[in-house]
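Listed below are the residues making up each chain.
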Amino acid sequence: MKPPILIIIMATIMTGTMIVMLSSHWLLIWIGFEMNMLAIIPILMKKYNPRAMEASTKYFLTQATASMLLMMGVTINLLYSGQWVISKISNPIASIMMTTALTMKLGLSPFHFWVPEVTQGVTLMSGMILLTWQKIAPMSILYQISPSINTNLLMLMALTSVLVGGWGGLNQTQLRKIMAYSSIAHMGWMAAIITYNPTMMILNLTLYILMTLSTFMLFMLNSSTTTLSLSHMWNKFPLITSMILILMLSLGGLPPLSGFIPKWMIIQELTKNNMIIIPTLMAITALLNLYFYLRLTYSTALTMFPSTNNMKMKWQFEYTKKATLLPPLIITSTMLLPLTPMLSVLD
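Keep in mind it's a predicted model, so treat the numbers as computed, not measured.

**Some details on the overall build of the chain**
Thought 1: Looking only at helices and strands, one finds 16 helices and zero strands in the chain.
Thought 2: Taking 347 residues into account, the globule formula puts the C-alpha radius of gyration at 20 Å, and the chain, at 20 Å, falls close to it.
Thought 3: By principal-axis analysis of the C-alpha atoms, the chain measures approximately 75 × 50 × 35 Å.
Thought 4: Here the chain, with 347 residues, has 52% of them falling under the buried criterion.
Thought 5: Expressed as a percentage of contacts within the chain between residues at least 6 apart in sequence, the contacts between residues at least 24 apart total 77%.

**Considerations on helix α1 (residues 3-22)**
Thought 1: Across its 20 residues, α1 extends 28 Å between first and last C-alpha, which sits within 8% of the 28 Å expected from 1.5 Å per residue.
Thought 2: Along α1, the positions that sit buried rather than exposed are I9, I13, G16, T17 and V20. Buried residues in α1, looked at end-on, bunch into an arc of 90°, giving them a common side. Residues P3, P4, I7, I8 and L22 are exposed on α1 and point more than 90 degrees away from its buried face.
Thought 3: Residues of α1 that are buried sit in contact with α2 (26-44) and α7 (133-145).

**Re the environment of G252**
Thought 1: One can find G252 in helix α12 (residues 238-252).
Thought 2: For G252 and N36, which are 216 residues apart along the polypeptide, the C-alpha to C-alpha distance reads 30 Å.
Thought 3: With near-sequence residues (within four places) excluded, G252 lies in contact with K263, L290 and Y293.

**What about the pattern of salt bridges?**
Thought 1: Counting across every chain of the model gives five salt bridges.
Thought 2: Where E269 meets K272, a salt bridge forms, and the shortest distance between an N and an O atom there is 4.0 Å. One end of the pair is E269 and the other is K272, both in helix α13 (residues 260-272) and three residues apart, which spans about a single turn.
Thought 3: By relative accessible area, which is 13% here, E269 ends up buried.
Thought 4: A network of salt bridges, in which partner residues are shared, links R51, E54, K58, E117 and K177.

**A closer look at the packing of aromatic side chains**
Thought 1: Considering all chains together, one arrives at four aromatic pairs under this definition.
Thought 2: Between F216 and F219 the ring centres are 6.4 Å apart and the planes differ by 70°, which places this aromatic pair in the edge-to-face class. You can see F216 and its partner F219 sitting in helix α10 (residues 198-221), three residues apart, about one turn around the helix. F219 matches F216 in its accessibility class, with the two residues each being buried.

**Some thoughts on the packing of helix α9 (residues 175-193) against α10**
Thought 1: For the pair α9 and α10, the least separation of the axes is 9 Å and the interaxial angle reads 170°. As far as their axial angle goes, α10 and α9 are roughly antiparallel. From α9, L175, R176, M179, S183, H186, M187, W189, M190 and I193 reach across to α10, where they touch P198, M200, M201, N204, L205, Y208, M211, T212, T215, F216 and F219.
Thought 2: The class makeup of the residues in the contact of α9 with α10 is 14 nonpolar, five polar and one charged.

**Brief notes about the side chain of N36**
Thought 1: Its place among the elements puts N36 in helix α2.
Thought 2: Among all residues touching N36, those that are not within four sequence positions of it are I13, G16, T17, W133 and Q134.

**A few points about a nonpolar patch on the surface**
Thought 1: On the surface, M18, M21 and L22 cluster together into a nonpolar patch covering about 310 Å² of accessible area.
Thought 2: Within the fold, L22 resides in helix α1.

**Looking at the packing of α9 against α13**
Thought 1: At a minimum axis separation of 10 Å, α9 and α13 run at an interaxial angle of 35°. Crossing angle aside, the handedness with which α9 passes α13 is left-handed. Counting all contacts with α9, which are made through H186, W189, A192 and I193, the residues of α13 involved are K263, I266, I267, E269 and L270.
Thought 2: Residues that form the contact of α9 with α13 fall into these classes: six nonpolar, one polar and two charged.

**Some points on unusual backbone geometry**
Thought 1: A cis amide bond links S109 with the next residue in sequence, P110, at an omega value of 0°.
Thought 2: Mapping P110 onto the fold places it in the loop between α4 (92-106) and α5 (114-121).
Thought 3: For S223, which is not glycine, the phi torsion reads 50° and is therefore positive.
Thought 4: Structurally, S223 can be placed in the loop between α10 and α11 (227-231).
Thought 5: When its relative accessible area of 45% is taken as the criterion, S223 is described as partly exposed.

**Some details on the environment of L343**
Thought 1: Counting through the fold element by element, L343 comes out in helix α16 (residues 340-346).
Thought 2: Judged by relative accessible area, which is 14%, L343 ranks as buried.
Thought 3: Taking the C-alpha atoms as reference, L343 lies 9.1 Å from I261; in sequence the two are 82 residues apart.
Thought 4: Filtering out sequence-adjacent residues up to four positions away, L343 remains in contact with L203, I261 and M265.

About the thresholds
- Residues numbered from 1 in each chain as written.
- Predicted model: local features only at pLDDT ≥ 70, side-chain atom pairs only at ≥ 80, totals over all residues.
- Heavy atoms only, no water.
- Helix = DSSP H or I, 4+ residues; strand = E, 2+ residues; numbered from the N terminus.
- Rg over C-alpha atoms; globule rule 2.2 N^0.38 Å.
- Buried < 20%, exposed > 50% of the residue type's maximum accessible area, 1.4 Å probe, protein only.
- Contact = heavy atoms within 4.5 Å.
- Expected span 1.5 Å × (residues − 1).
- Arc of directions from axis to C-beta.
- Salt bridge = Lys/Arg side-chain N within 4 Å of Asp/Glu carboxyl O.
- Phe/Tyr/Trp six-rings, centres within 6.5 Å; stacked < 30°, edge-to-face > 60°.
- Axes fitted to C-alpha atoms, helices over the stretch in contact; angles between N-to-C directions.
- Parallel < 35°, antiparallel > 145°, perpendicular 65-115°, else oblique.
- Nonpolar A, V, L, I, M, F, W, Y, C, P; charged D, E, K, R; others polar.
- Patch = residues over 30% accessible without salt bridge, like charges linked within 9 Å, V, L, I, M, F, W, Y side chains within 5 Å.
- Areas by Shrake-Rupley, 256 points an atom, 1.4 Å probe, with all protein chains shown as cover.
- Left-handed = near helix turned anticlockwise from the far one by under 90°.

So this is what it looks like as structure tokens:
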């Protein structure tokens, strides 16, 4: 793809998301979603092959269905309230339809089937945009309509998403699919807290985006798409394998790392609201995620490839890819735990 075209398309994607985030009128929000969806498709098909074509088609159909549902919810709301304003959702059916449409856009269970398929079919770069930037717009709308969302519906979706995200990734060897299931689980955690403390959801989303960006950038550094290609990495980049190890543990939510902050705060917030069983179940299912992250760390950093590199000359050509922004991303993805008191004040 030529650079000017790429710049225009990326600008459209960003503009679409910004329109969604900054609007208080439902029609403008819908237009923003449509701009974003139509502009991301060339990005998904950047490396043109039948697999990418299939992934883009699946993505388009899912997002178009979600947009249609959203518009229907907005229309029902308009008939009842006579207003296009986002803050006024007077009808429960309209609220349920809007929530369903937005969860479909996010890939929450039971509408999660497209996420692993689409992510696996596109390049690492497109997958990274899909699992980070594309989550911002629907989440910002859920944040704005959180007072009128049906809590029971969202809690059910959240629980099943955490379960699906853990269960689905167990048997995977493809890194993009693993990241997709990880995304479904993280979205589940965000959905669980949104009706109780929306600010916490933004904290979780920010940390999730930071961790996913870092992980994808490390994968792109070596063009790794499978566990096997990741296990060859120690021979060339011993330091990066240890970075992946720490990042995976952070994504799993282990205590001394940044990934622990959202899980800890969400469980605390839910227990404050007299919920014991749901956060317990979510914490238990998060162990499934931890298991497949640990499997990745084991194959990457704790096992050695049979042939050691004794040659003075590198067995591949010298590396030329720029690792822009990786150091600050890795630091923020792993070392933010001491800032927890400050973050808890923000809520």
